[in-house]
Amino acid sequence: MKKRIEYKEENIDPNEPIRLNKFLANAGVCSRREADQFIQSGVVKVNGNVVTELGTKVLRSDEIIFHEQPVSLEKKVYVLINKPRDYVTTSDDPQQRKTVMDLVKGVCPERIYPVGRLDRNTTGVLLLTNDGDLASKLAHPKFLKKKVYHVFLDKEVTEHDLQQIASGITLEDGEVHADAIEYANDKDKTQVGIEIHSGKNRIVRRIFESLGYRVVRLDRVQFAGLTKKNLRRGDWRFLTEKEVDMLRMGAFE
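Just so you know, these numbers come straight off a predicted model, no measurement behind them. (Residues numbered from 1 in each chain as written. Predicted model: local features only at pLDDT ≥ 70, side-chain atom pairs only at ≥ 80, totals over all residues. Heavy atoms only, no water.)

## Side note on the nonpolar core
Under the convention used in this document: In plain words, nonpolar cores are sets of buried Ala, Val, Leu, Ile, Met, Phe, Trp, Tyr and Cys residues tied together by side-chain atoms within 4.5 Å. Exposed residues in this analysis have more than 50% of their type's maximum accessible area, buried residues have under 20%, and partly exposed residues fall in between, with area computed by a 1.4 Å probe over protein chains only. Only heavy atoms matter for contacts: two residues are in contact if any of them lie within 4.5 Å across the pair.
In terms of nonpolar packing, the biggest core is built from 54 residues, with I194, I207 and F208 touching the most fellow members. Dropping the residues within four chain positions of it, I194 is found in contact with K147, V148, Y149, V151, I165, A178, A180, I181, V204 and I207. Residues A27, A35, I39 and F66 belong to the second largest nonpolar core, which totals 15 residues.

## Things to note about the side chain of R206
To be explicit about the condition: Runs of E in the DSSP output that reach at least two residues are strands. Runs of H or I that reach at least four are helices, and both are numbered from the N terminus. Under the rule applied, a polar contact is a pair of N or O atoms within 3.5 Å (in protein, one hydrogen donor and one hydrogen acceptor; residues adjacent in sequence only if both atoms are side-chain atoms).
Tracing the backbone through its elements, the reader meets R206 in helix α5 (residues 203–210). Separated by 3.3 Å, the side chains of R206 and E172 make a polar contact. Beyond its immediate sequence surroundings of up to four residues, R206 is in contact with L171, E172, D173, K200 and N201.

## Overview of unusual backbone geometry
Excluding glycine, residues mostly carry a negative phi; peptide bonds, for their part, are mostly trans. A positive phi angle, near 50°, is found at N47, a position not held by glycine. When you line up the elements, N47 lands in the loop between β2 (44–46) and β3 (49–50). For N47, a relative accessible area of 42% puts it in the partly exposed group. Here D86, not a glycine, exhibits a phi torsion of approximately 75°, which is positive.

## A word on the sheet that holds strand β5 (residues 64–66)
Filter applied, for reference: In this scheme, strands are said to pair when DSSP sees at least two bridges between them.
Spatially, the four strands line up as an open sheet ordered β3-β2-β5-β6, and their pairing is antiparallel. Strands at the two margins of the open sheet, each flanked by one partner only, are β3 and β6 (69–71). The sheet contact formed by β2 and β5 spans three bridges and is antiparallel. Note on β5: the bridge partner recorded for K45 is I65.

## Topic: helix α3 (residues 132–139)
Counted only if it meets this: It is the directions from the helix axis to the C-beta atoms that the arc portrays.
Buried residues of α3: G132, L134, A135 and L138, and no others. One face of α3 carries all of its buried residues, which in axial projection span an arc of 160°. Where α3 is buried, its residues contact β7 (78–83), β8 (113–114), β9 (122–129), β15 (215–223) and α6 (241–249).

## Some thoughts on the state of the cysteines
Basically, it comes down to this: In this description, a disulfide is simply a cysteine sulfur pair whose atoms lie within 2.5 Å.
As enumerated under the stated definition, the model contains zero disulfides in all. Here C30 stays unpaired: no disulfide links it, and the sulfur of C108, its closest cysteine neighbor, is 17 Å away.

## What about the pattern of salt bridges?
Going by this rule: We define a salt bridge as a side-chain nitrogen of Lys or Arg found within 4 Å of a carboxyl oxygen belonging to Asp or Glu.
Per the counting criterion, the structure on display carries 18 salt bridges. Put simply, D119 and R205 hold a salt bridge, and the shortest N to O gap is 3.3 Å. Here the residue D119 occupies a position in the loop between β8 and β9, and R205 occupies one in helix α5, the gap between them amounting to 86 residues. Judged by relative accessible area, which is 24%, D119 ranks as partly exposed. Of the charged contacts in the structure, one is a salt bridge between K146 and E195, with a shortest N-O distance of 4.0 Å. Placement of K146 in the loop between α3 and β10 (147–153) and of E195 in strand β14 (residues 191–196) is noted, with a sequence separation of 49 residues between them.

## Looking at the pairing of β14
Two strands pair when backbone bridges link them, and β10 and β14 are joined in this way by six bridges, in the antiparallel orientation. By the bridge assignment, F152 is partnered in β14 with Q191. Pairing of strand β13 (residues 180–183) with β14 involves four bridges; the strand directions are antiparallel. When the bridges of β14 are listed, I181 appears paired with I194.

This is a description of form; function is not addressed.
Take a look at the structure:
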């Protein structure tokens, strides 16, 4: 699964204009927000002319020059990692902590970045890609994708509390409920499996903390249909073509 996969391009009309900032982001040059700053500063040329107007649209066949270097749209890359503890989910960290990008150094020349985030001490499934459209879809609250977590707690969870989490719990930022929740291990009631769609920050930890439990370990075992099966902690693989097709189709609601 470490062999580079050439994914089929989605059906794209070559004559459909694309915003210049999106073109630069999809070329792996920078983020869209940074692209706007570069455009305004006059370092971007389209077909030989400097363009400084935000919102400018270009064609995929146009010649785009950035800092005197031609740029072109990157091939899409999709990398899945089984995140270990003690890594932060950012592209770079001012505090010099280990980031998930350290785990995929040299995997591909393209500029990939994490989709959504996992807390520093949360482990498990994390997707990295340069497909901005798909990343937005997967991370946006409007398209909430199913996530499954294995939760290890500091004491046994009561049946009553499992029921309460399934019915709904009110936190400071509103009500939240699990789509499914059960003991992950029949012999150990400190371990719980929870399926949830909410995209709220630290949501699983906050649910249990609100009922007086402390989360000792948290492992995301599934995200939008992707699992860490056969992937050792800290290891990575490319998504299969089938997995990418399923994500594009939005099959894992």
